[in-house]
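Fold and contact review
Each chain is listed here by its residues.
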Amino acid sequence: MKVTAKAPSNIAFIKYWGKRDEKLRIPENSSISMNLSRAFTITSVEFSNKFKSDSLFINGLKASVDETKRVSIHLDLIRSLSKINDFARVESRNNFPKASGIASSASGFAALTLAGAKAAGLSLSEKELTILARLGSGSACRSIPDGFVEWKMGRTGNDSYAHSLFAPQFWNICDLIAVVGKSSKKVSSSEGHAIAESSPFYKTRIVAMENKLKKIKLAMKNKDFTKFGEILEAEAINMHMVMMTSNPPLYYWLPETLKVMVKVMEWRNKGLESYFTIDAGPNVHVICRTKDVDRLTKRLRKLSGVRSVLVNTPALGARIIEVV
Ligand code: PMV
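Residues numbered from 1 in each chain as written. Predicted model: local features only at pLDDT ≥ 70, side-chain atom pairs only at ≥ 80, totals over all residues. Heavy atoms only, no water.

**Section: the domain arrangement of the protein**
- According to the domain assignment, the protein contains domain 1 (2-169 + 315-323) and domain 2 (170-312).
- Each partner contributes to the interface: domain 1 provides 36 residues, whereas domain 2 provides 48 residues.
- Contact with domain 2 buries surface across domain 1, with Phe 13, Lys 15 and Trp 17 losing the most and accounting together for 26% of the total.
- Inspection of the domain 1/domain 2 interface yields 12 residue pairs in polar contact (both at pLDDT 80 or more).
- Top element by residues in the side of domain 1 that touches domain 2 is strand β4 (residues 31-48). It accounts for seven residues. (Domains from an automatic or database assignment. Contact = heavy atoms within 4.5 Å. Buried area = accessible area lost by both parts, 1.4 Å probe. Polar contact = N/O pair within 3.5 Å; in protein donor to acceptor, adjacent residues only side chain to side chain. Helix = DSSP H or I, 4+ residues; strand = E, 2+ residues; numbered from the N terminus.)

Put into structure tokens, the structure is as follows:
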């Protein structure tokens, strides 16, 4: 049986940066995100006793040894749960180019988890699927449920899971990804999480988290876009300050990143309201109301250094799309 699943990437409004438990990928804080309609991965998994080893193809090409190993480790978890020993063939396609700097680990591990679990004959609840996806890549757990999602940090592992806060149609907001980066990031988020604690500002960040989460959830519930935007923008800067002051320091921004940030603030001061957030890479996610998408997209596309703009609406979570 070959099972194919589709999973969206997600953008975090409250970020996951730093782990309480390295192996179990238990984060230091809960996080909140939105699934993205225009950035997704489609993955098919087939287990068979004909295969001599696990194989992985990304966008039609044989993946590197390291990538294949990470996927094999995840397949081992699925094999141990389902008590099967067969190797698997995994084919994965991202609808965004690798060189765009858009991370594929969240959508990739969410799609792999869903397709792999089904192909192995497991029947897991959404909560169990998010826990399994988390073990592959932390932020992948947020790509399983629909729309606007919270990942509850938990303490032991089985209580560290993601759930939907609101359906995609709850709120007419968009994420315009201003792509400025050329290549995949130099320092992976896995390496970044491990050194987060070395920043003198990390403790302060974590202590303030609970209150921040409470405030942003209330702003989302009330659809208070201004309050919501102010919190998410300050949160992105907070995380990047921790990154830049860790040992060794991590600078994910390019000059073009800062240029877009300054423009977003400038346009906002003149009445066109949007807020930015940035993950472990140089691209800027501009969060705006749907009514402002056209004006903002036009302006972003005119900026030198912006290679493209991807317009994302809130999306459903991971789904099985084919079983053959
Ligand atoms: O899931 P990871 O290990 O790729 O970490 C994601 C880290 C950030 O994208 C920077 C923040 C987040 O919560 O998505």
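**Thoughts on the side chain of Thr 4**
- Take Thr 4: it is sitting in strand β1 (residues 2-14).
- Setting aside residues no more than four positions away along its own chain, Thr 4 makes contact with Ile 42, Thr 43, Ser 44, Ala 115, Arg 319, Ile 320, Ile 321 and Glu 322.

**As for the packing of aromatic side chains**
- With the rule as written, the count across this model stands at eight aromatic pairs.
- With a centroid separation of 6.5 Å and an interplanar angle of 80°, the aromatic rings of Phe 148 and Phe 170 are classed as edge-to-face. With Phe 148 in strand β8 (residues 148-152) and Phe 170 in the loop between β9 (161-166) and β10 (173-179), this pair connects stretches of sequence that are 22 residues apart.
- With 4.0 Å between their ring centres and 10° between their planes, Phe 166 and Phe 170 make a pair best called stacked.
- Among the residues examined, Phe 166 registers a relative accessible area of 16% and is labelled buried.
- Lys 127 extends its terminal NZ or CZ atom over the ring of Tyr 161, reaching a point 4.4 Å from the ring centre. (Phe/Tyr/Trp six-rings, centres within 6.5 Å; stacked < 30°, edge-to-face > 60°. Buried < 20%, exposed > 50% of the residue type's maximum accessible area, 1.4 Å probe, protein only. Lys NZ or Arg CZ within 6 Å of the ring centre and 35° of its normal.)

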